[in-house]
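# Close look at the chain arrangement
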Amino acid sequence: MEINWNEIENKWRTKWKESKDFETNPNEKPKKFITVAYPYPNSPQHIGHGRTYTLADVHSRFYRMKGYNVLFPMGFHYTGTPVLGMAKRIQAGEKEILDGLRNVYHVSEEDIKTFVEPIKIADYFHEEIKSGMIEMGYSIDWRREFTTIVPGYQKFVEWQITTLKENNKIIQGSHPVGWCPVDQNPVSQHDTMGDVEPKIDDKNFLIKFVLDEFIFPVTTLRPETIFGITNLWINPNVLYKKVSVDNEVWIVSEDCAKKIAFFEKDVSVIGEIPGNQIIGKYAKNHDGRKIPILPAEFVEPSMGTGLVMSVPAHAPKDYQALMDLKVNNHELASKIEPIPIIVTKGYGEYPAKEICEKLGVDNQSDEKLEEATKELYLKEFTDGKLNEKCDKFNNEKVQFGREKIREWLEGNNHLEKFPILENAPVRCRCGAECVVKILNNQWFLNYGDEKWKELARNCFDEMNILPNNIRTEFKEVIDWLHERACARQQGLGTKLPWDKDWIVESLSDSVIYMSYYTISRFVNDGTVTPDNLTREFFDYVLLNKGDVKSAASVSNISEGIVKMIKNEFDYFYPVDSRHSGRDLVQNHLSFFVLNHVAIFEKKFWPQEIVVNGSVMMDGVKMSKSMGNIIPLRTAIKDHGADPIRLAIISSAELLQDADFNMDSVSGIQNKLESLLEECSRLKNNPINELEIEDKWILSKTQNKILEITEAIQKMRLREALHDILFTFETDLNWYAKRTQAKGRKDVSGILHQINSIRVAMLSPFAPHIAEEMWSKLKNSGLVSKSSWPKYSKERVDATAIQSEDLLKSTIEDITNILKVTKISPKKIVLYVNSDEMKSKIYHKMLNIMVGGQNNMGVVMKELIADPQTTDAKKMPNFVQKTIKDLHSESEEIKAMKLESTEFNEKEFLSSELTSIGKKEFDVDIQVFSASDEDIYDPKEKAKHARPFKPAILIE
RNA sequence: GCGGGAGUCGCCCAGCCUGGUCAAAGGCGUAGGGUUUAGGACCCUAUCUCUCAGGAGUUCGUGGGUUCAAAUCCCACCUCCCGCACCA
């Protein structure tokens, strides 16, 4: 049967829409508030984006069927800069981006023309993404939709950021950023040529020496080496500048003078001095020692200050430069000996000397020096220890000592940060070369605050995190977080209420917005206007601060409306489940928790976080440049929404990266088609007296309900789906075999019942086709509104399960013998145990072993201790073999056997095995009890029979 | 460096949290059979080694340990992947 997916899906979507099933208001039922990180609309969503939303939708639909009042809303995050960069590139007519829009995203020329305006881009993709979400069948309450630049939301963010500031969570400070000197703006990846992120290295430092009336600053990555300094290097061929910096005068290279002008310092060049005029002078270090200044050509004026300090014991370049001078009998240099300050395993006193000799370095322009430097720096950093020359830092490991020395020097005004562009040169789109600028008036959220962190930890401790093994990662993130800039100078968004030069940064205006979903529907339907959303209003509704009277009067709305909105918030909050991709663990999800604990009282703290991995396409990462992006809507059109949903879910468990491929989609299509076909065939006939296999399959169905429900609760959707679609099939196949062998024609009613349960459980995963199946089964109403199948232990028939199990294992044994012996059977005879003592011992052993005990000694001891079974010591062989039998059985079966009532093996096998055995092996099967008078037992097999393990004779 | 994660029977990948149901699911590949005018698609069977009686042996990166029992817990080591910020 060919399925027209789009047609079926459309049909059911219309039904859902008409019945307003997903529009959720407070009612008397328990609620679940499930949210997903809203999308940033600068491209259509592809299959990868679909994953998080699909998982959340399954989650929502599941709880809806479980009887909860589920709110699943959606918004759109316009805040940020990427569309600005896009608009600029489109304005400039850049071929790459235009081709992408045309060929990958299929945007019409007309629409592209409007894209010179950033908001038009966002608007376009907003609609595009929304359509895709609807087509995927997401059960979203669209009445609550908003974008982050609508006035109501901005009011909310203003309130949020003001509240944070008043709670002392926001501080001002300095921060280095990538900066375009021409545009006078910070640059991010989207603003640069080739889309490179300007990387700032802030592990670079400037150390001040004093040379007469001047400051002689050098730059270094290793502040700890000041203890091993022997001299300073200057390039004799460079013309240095005398520069007034605040109230000091520095000698630096011209390049450096330009850089520090962006460090919020007062900088002006007041003179110059050739490098060779400084050679031979002395500069004083932090403890007043006089350090000679020597010439070295490797010193580059573009690096740092253009001046370098020399640590010949540990820096290969310094060592080699010193050697070069000594070879030329430089007078000053010949008196200098390296001062070792770090002890490292595997190296002697002078590591730099050793490594230069090992690599065969010739002179200071030797390329091998780079390699030597890299190797030694790393080794000394990871393994090295500071020695007694380092004064109070003696014995510190370099990794920790470096930081301490830095702090100490900085405290004494001998050291400053000197951030550099790690991946220079980075060019702005305007063509200018970017620099590092230090902003002194940047606003930060003070995530480094220990008290704040502690609150967040409390929240995490009580929160459900799925999968749980990502919990440690959150702990680490909280430990590691520190101040984070929360405002920037460009992009879409909300202005800082107290400093209108700044816009609230996009990761800071998206942390507690879930609460706004409880308000947005009243803004959207006109109950309130953005002007009504005053501070007093939010304080009352969200924080229960103040009283309804003044909140209403200040906001200029009725008390009834304020109460109604507060009621809505109180009903839906807190967030019961927050879904997001794993890439947001380090930022959004952690900020989400931090901001909630900073603003809301404890009962409104988030309850659960669900994190999922990303999606690969045929085993490789999806990327525009690879051209392997499939827009979600295209995929839906080609394959149907449900097959895509299932393919995404079935390809990986939560945190795993899912590998999406078209083979699995068509496999799923086939599966669903045959299931639909079966549903059309099944009649809801009355069910007659149940036979043993009926009881078995119904019991199995109960077990499946239990397993699947538990799996979904843990968001192990892949496992659940797999059970619904495939594992179920194994049991149904066995059932079919059994009923066919018996020639039964009356099973349609039972299969109808089982498949109804199956379809109901499939419904959250593949909602459209499940509706279709449900209607083909002629069940009433919508399956999405039916209730989730309930597990009841009473409906599990332990005897049926153990007897079917006996049947299966007996057939397996016969097959096994046939396989090994390669004989074709003419006659099969079974002998079941009839020894009462064996049965008694067997039961006793079940009792002993059901908890997992399987030690022969222990089992035997317990058997002998019981007078009923003390005879067990006469048959150790039997006990040992039985231990093996039971050992290889599942706990579930063991428990079943223990539970089940008296069971007659012979009767069961002779009535049931004959039919199925005939079908399987095409011979008649005879069953004897070992004690039967008329037994046919030419090979004396009967005595080997054990309970649930009949002896077998094949001729 | 700091932090997180992974290494499973030809390949991909489940199992590990909660030890025994594990020679270890599923998919691909391969082999044999069926169906088909052919290609394709589909169905059945087999797929660590040995074994003519339902059995035995050796496996889950390497080496140790805990335990009656380890793919699963602990320790060490090797290899690989990812994140480190003001960016959504």
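Above: the structure in question.
Residues numbered from 1 in each chain as written. Chains lettered and ligands numbered in written order. Predicted model: local features only at pLDDT ≥ 70, side-chain atom pairs only at ≥ 80, totals over all residues. Heavy atoms only, no water.

Right, let's talk about empty space enclosed by the protein for a bit. Inspection of every chain in the model, using the stated rule, returns 4 cavities of 30 Å³ or more. When its volume is computed, the largest cavity comes out at roughly 50 Å³. If you trace the largest cavity, you find it lined by Arg-51, Leu-55, Ile-648, Ile-649, Ala-652, Glu-653, Leu-654, Met-715, Leu-717 and Arg-718. At the level of elements, helix 2 (47-65), helix 21 (641-650) and helix 24 (717-741) are the ones that each hand at least two residues to the lining of the largest cavity. (1 Å grid on protein atoms, 1.4 Å probe; cavity = no way out; pocket = protein on both sides within 12 Å on 5 of 7 lines; lining within 4 Å. Points joined across faces, edges and corners; volume = space filled by probe spheres on them. Helix = DSSP H or I, 4+ residues; strand = E, 2+ residues; numbered from the N terminus.)

Counting across every chain of the model gives 50 salt bridges. Between Lys-208 and Glu-248 there is a salt bridge; the shortest N-O distance is 3.3 Å. Taken as a pair, Lys-208 in strand 6 (residues 205-211) and Glu-248 in strand 10 (residues 248-252) lie far apart in primary sequence, 40 residues in all. By relative accessible area, which is 22% here, Glu-248 ends up partly exposed. The salt bridge partner of Arg-406 is Glu-410, with a shortest N-O separation of 3.0 Å. Of this pair, Arg-406 and Glu-410 are both found in helix 12 (residues 398-411), 4 residues apart, which corresponds to roughly one turn of the helix. (Salt bridge = Lys/Arg side-chain N within 4 Å of Asp/Glu carboxyl O. Buried < 20%, exposed > 50% of the residue type's maximum accessible area, 1.4 Å probe, protein only.)

All right, on to the sheet that holds strand 32 (residues 951-954) then. Here 3 strands make up an open sheet; going across it, the order is 31-30-32 and the pairing mixed. Lying at the two open borders of the sheet, with one neighbouring strand each, are strand 31 (925-929) and strand 32. Strand-to-strand, the axes of this sheet are offset by a mean angle of 20°, without reference to chain direction. Pairing analysis gives 5 bridges linking strand 30 (residues 828-832) to strand 31, with the strands arranged parallel. Bridge pairing links Leu-830 to Val-927 in strand 31. Along the sheet, helix 27 (residues 798-821) contacts strand 30 and strand 32; its crossing angle with strand 32, the most-contacted strand, is approximately 40°. Sitting on the sheet, helix 32 (residues 905-921) is in contact with strand 30 and strand 31, with an inclination near 160° to strand 31. (Pairing = 2+ DSSP bridges. Axes fitted to C-alpha atoms, helices over the stretch in contact; angles between N-to-C directions. Contact = heavy atoms within 4.5 Å.)

A separate point is the side chain of Ser-786. In this fold, Ser-786 is placed in the loop between helix 26 (767-776) and helix 27. A relative accessible area of 16% places Ser-786 in the buried class. At a separation of 2.7 Å, a polar atom in the side chain of Ser-786 contacts the main-chain carbonyl oxygen of Val-783. Residues within four places of Ser-786 in sequence aside, it is in contact with Met-65, Ala-760 and Trp-774. (Polar contact = N/O pair within 3.5 Å; in protein donor to acceptor, adjacent residues only side chain to side chain.)

Following Tyr-573, the chain continues to Pro-574 via a peptide bond in cis, the omega torsion being 5°. Structurally, the position occupied by Pro-574 is in the loop between helix 18 (559-572) and strand 25 (577-581). Even without a glycine there, the phi angle at Asp-212 is positive, about 50°. If you trace the backbone, Asp-212 turns up in the loop between strand 6 and strand 7 (214-220). Of note, Phe-948 is a non-glycine position whose phi angle comes to about 60°, a positive value.

Moving on, we come to the nonpolar core. With 144 residues, the main nonpolar core has Leu-762 and Phe-765 as its most contacted residues. The greatest single-element share of this core, amounting to 10 residues, is contributed by helix 24. Setting aside anything within four residues of it in sequence, one finds Leu-762 in contact with Leu-672, Leu-675, Leu-721, Ile-724, Leu-725, Ala-770 and Met-773. With 98 residues, the next largest nonpolar core counts Cys-434, Trp-443, Leu-445 and Phe-604 among its residues. (Core = buried A, V, L, I, M, F, W, Y, C linked by side-chain atoms within 4.5 Å.)

In the contact formed by helix 16 (residues 535-543) and helix 17 (residues 548-555), the axes pass within 8 Å of each other and the chain directions differ by 145°. Viewed along their axes, helix 16 and helix 17 form a crossing whose handedness is left-handed. For the pair helix 16 and helix 17, contact is made by Glu-536, Phe-537 and Tyr-540 and by Val-548, Ala-551, Val-554 and Ser-555, respectively. Taken together, the residues of the contact of helix 16 with helix 17 sort by class into 5 nonpolar, 1 polar and 1 charged. (Left-handed = near helix turned anticlockwise from the far one by under 90°. Nonpolar A, V, L, I, M, F, W, Y, C, P; charged D, E, K, R; others polar.)

Right, let's talk about the packing of aromatic side chains for a bit. Under the defined criterion, the tally for this structure stands at 39 aromatic pairs. Ring centres of Phe-62 and Tyr-63 lie 5.1 Å apart, and the angle between their planes is 65°; this geometry places the pair in the edge-to-face category. A relative accessible area of 0% places Phe-62 in the buried class. Ring geometry for Tyr-105 and Phe-125: centres 6.0 Å apart, planes at 80°, overall edge-to-face. On the criterion of sequence distance, the pair formed by Tyr-105 in the loop between helix 4 (95-104) and helix 5 (109-114) and Phe-125 in helix 6 (residues 118-135) is long-range, its members being 20 residues apart. Judged by relative accessible area, Tyr-105 falls into the buried class, the value being 11%. Through a chain of ring-to-ring contacts, three or more aromatic side chains come together here, namely Tyr-38, Phe-146, Tyr-153, Phe-156, Trp-159, Tyr-513, Tyr-516, Tyr-517, Phe-537 and Phe-538. (Phe/Tyr/Trp six-rings, centres within 6.5 Å; stacked < 30°, edge-to-face > 60°.)

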